[in-house]
Amino acid sequence: MVLPSKMPQLADLDLLLSVERYGSVGKAAQAHSLSQPAASIRISAMERRLGLRLLERSPTGSKLTEEGEMLAKYARNVMHAARELLEFGSGSSSASRLRVAGSPGVSEHLIPEWLNRSGLSFGEVRVEVRTGRVDELRQLIRADQADVAFIDGWCQAGSQLPKQFREGLVTQYICDDKLAVVVGAVHPWAKRPGPVTVEELASAQLVVRERGSGLREFTDELLGSARASRSYVELPSSAAVKQVVAAGRRVTVLNISTVRSEIADGRLRLVPVEQEMPAKPIYAAWSERRGLPGHAKELVEIAAAKGSPMPGPRPGPKVTSTGGVTIDVHS
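Residues numbered from 1 in each chain as written. Predicted model: local features only at pLDDT ≥ 70, side-chain atom pairs only at ≥ 80, totals over all residues. Heavy atoms only, no water.

**Q** Hey, could you run me through the packing of aromatic side chains in this one?
**A** Note on aromatic pairs: each is described by the distance of the centres and the angle between the planes. Applying the stated criterion across every chain yields a total of two aromatic pairs. Ring geometry for Trp 114 and Phe 150: centres 4.9 Å apart, planes at 55°, overall tilted. Highlighted residues: Trp 114 in helix H6 (residues 111-118) and Phe 150 in strand E5 (residues 148-152), separated in sequence by 36 residues. Residue class for Phe 150 comes out buried when judged on its relative accessible area of 0%. (Phe/Tyr/Trp six-rings, centres within 6.5 Å; stacked < 30°, edge-to-face > 60°. Helix = DSSP H or I, 4+ residues; strand = E, 2+ residues; numbered from the N terminus. Buried < 20%, exposed > 50% of the residue type's maximum accessible area, 1.4 Å probe, protein only.)

Structure follows, in structure tokens:
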């Protein structure tokens, strides 16, 4: 078969998918090491060859037209087949690779544990873990750059997984991730016998996450009714928050999954609060069309079985998770 002259090039289809992902020709050009004019010329040439209008361009960015979205759907299939061909040519198989994506907290604290429990990280499987916010994870799955993604409900503001995320995807509940008030081992509250009040928390020296995160949204909501004046340190990651809290006398609100190891070794302590702290679910998500490859399916099953240990508000000798898994915790 001789390919017709108007057949798009793989590189041009890949560029179009990047425009869809980033919402900008300029950002897509950077990802492909191109200048913005060069990227625009390539997409315009593809539009002329196909006789289709693929992009709606505006000063704020570019989005795919209805015809562009249809072409992108076919382009994802073509790019997936091309990657499989390259892997075949290099002697590797997609069965020996696992591509995982997750919200920052899940990628840092839970996925490594699930991989270790599965034995995948010590076998012959090539494991690639990427991280991002909800919209980025969705694009990774749609572009066939991830076999499965794990979405943390605390990754962004809002309590529900966005409806647009679920389109074309299968989602599976993994576990709940609860919030807790956390202090360092030297903080006076570390050995406090009773719960703290919201007013006490509001007047404490706080460390909080950045605005726009789910953790910050809840913290502001929790303290909104307290009249005490508040001073705080704002940091962009849970790792940075934990470092500041562990080394001093500041207080924070974090999800349980991010502090389990520090609670276990005594660097951080959980503080009981006068009101119930909320939890948000963690989901696994994958392409409905492609389904779950074997190793990804195994990882989802392990994650659902192990979940995220959920210690109560008081540190003690044992901690029981919602899934019935018990781990030792030392004061």
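**Q** So what exactly am I meant to see when it comes to the packing of helix H1 (residues 10-22) against helix H3 (residues 36-50) here?
**A** Describing two packed helices takes the angle between their axes plus the distance from one axis to the other. Running from amino to carboxyl end, H1 crosses H3 at an angle of 110°, the nearest separation of the two axes being 10 Å. One finds that H1 runs roughly perpendicular with respect to H3. Considering how the two elements wind past one another, H1 and H3 form a crossing that is left-handed. Listed contacts from H3 to Ala 11, Asp 12, Leu 13, Leu 15, Leu 16 and Val 19 of H1 are Ala 39, Arg 42, Ile 43, Met 46 and Arg 49. Looking at the contact of H1 with H3 residue by residue, the classes come out as eight nonpolar, no polar and three charged. (Axes fitted to C-alpha atoms, helices over the stretch in contact; angles between N-to-C directions. Parallel < 35°, antiparallel > 145°, perpendicular 65-115°, else oblique. Left-handed = near helix turned anticlockwise from the far one by under 90°. Contact = heavy atoms within 4.5 Å. Nonpolar A, V, L, I, M, F, W, Y, C, P; charged D, E, K, R; others polar.)

**Q** Help me understand the confidence of the model for the protein chain in this model?
**A** Atom-level detail of predicted coordinates should not be read off regions where pLDDT is low. In the predicted model, the protein chain carries a mean pLDDT of 80, and 81% of its residues have values of at least 70. Within the protein chain, strand E13 (residues 326-328) has the poorest average pLDDT of any element, 29, and strand E10 (residues 268-271) the best, 94. Low pLDDT, under 50, characterises residues 312-331; the stretch is placed with 37 contacts to residues that sit more than four places away or in other chains. (pLDDT = per-residue confidence, 0-100.)

**Q** Would you explain helix H13 (residues 294-306) in this entry?
**A** Spanning 13 residues, H13 covers 18 Å between terminal C-alpha atoms, matching the ideal 18 Å at 1.5 Å per step. Taken as a whole, H13 has its buried residues at Ala 296, Leu 299, Val 300, Ile 302 and Ala 303. Buried residues of H13 fall within an arc of 165° about the axis and therefore sit on the same side. Residues of H13 that are buried sit in contact with strand E3 (97-102), H6, E5, strand E6 (169-184) and strand E11 (279-287). (Expected span 1.5 Å × (residues − 1). Arc of directions from axis to C-beta.)

**Q** Would you mind showing me how to read the environment of Ala 202 here?
**A** Mapped onto the secondary structure, Ala 202 falls in helix H9 (residues 198-203). A residue is classified by how much of its surface remains accessible, and Ala 202, at 0% relative accessible area, is buried. When the C-alpha atoms of Ala 202 and Gly 224 are compared, they prove to be 8.6 Å apart, with 22 residues separating the residues in sequence.

**Q** I'm lost on the pattern of salt bridges in this one. Help?
**A** This model, assessed by the stated rule, comprises 20 salt bridges. When the shortest N-O distance is used, the salt bridge between Glu 20 and Arg 76 registers 2.9 Å. Pair noted here: Glu 20 is in helix H1 and Arg 76 is in helix H4 (residues 66-89), with a separation of 56 residues, a long-range link. Look at Arg 76 and you get buried, because its relative accessible area is 9%. Among the salt bridges present, the one from Asp 147 reaches Arg 99, with a minimum N-O distance of 2.8 Å. (Salt bridge = Lys/Arg side-chain N within 4 Å of Asp/Glu carboxyl O.)

**Q** What's the story with the nonpolar core in this structure? I'm lost.
**A** Across soluble globular proteins, nonpolar side chains have a tendency to be buried as a group. Ranked by internal contacts, the top residues of the largest apolar core, which has 33 residues, are Val 181, Trp 189, Leu 201 and Val 251. Within the residue set of this core, elements represented by two or more residues are E6, H9, strand E7 (206-209), helix H10 (214-223), helix H11 (238-247), strand E9 (251-255) and E10. In terms of residue count, the dominant contributor to this core is E6 (five residues). Contacts of Trp 189, omitting those with residues within four sequence positions, involve Val 183, Val 196, Glu 200, Leu 201, Ala 204, Val 251 and Val 271. Judged by nonpolar contacts, the second largest core, of 20 residues, contains Leu 98, Leu 110, Trp 114 and Cys 175. (Core = buried A, V, L, I, M, F, W, Y, C linked by side-chain atoms within 4.5 Å.)

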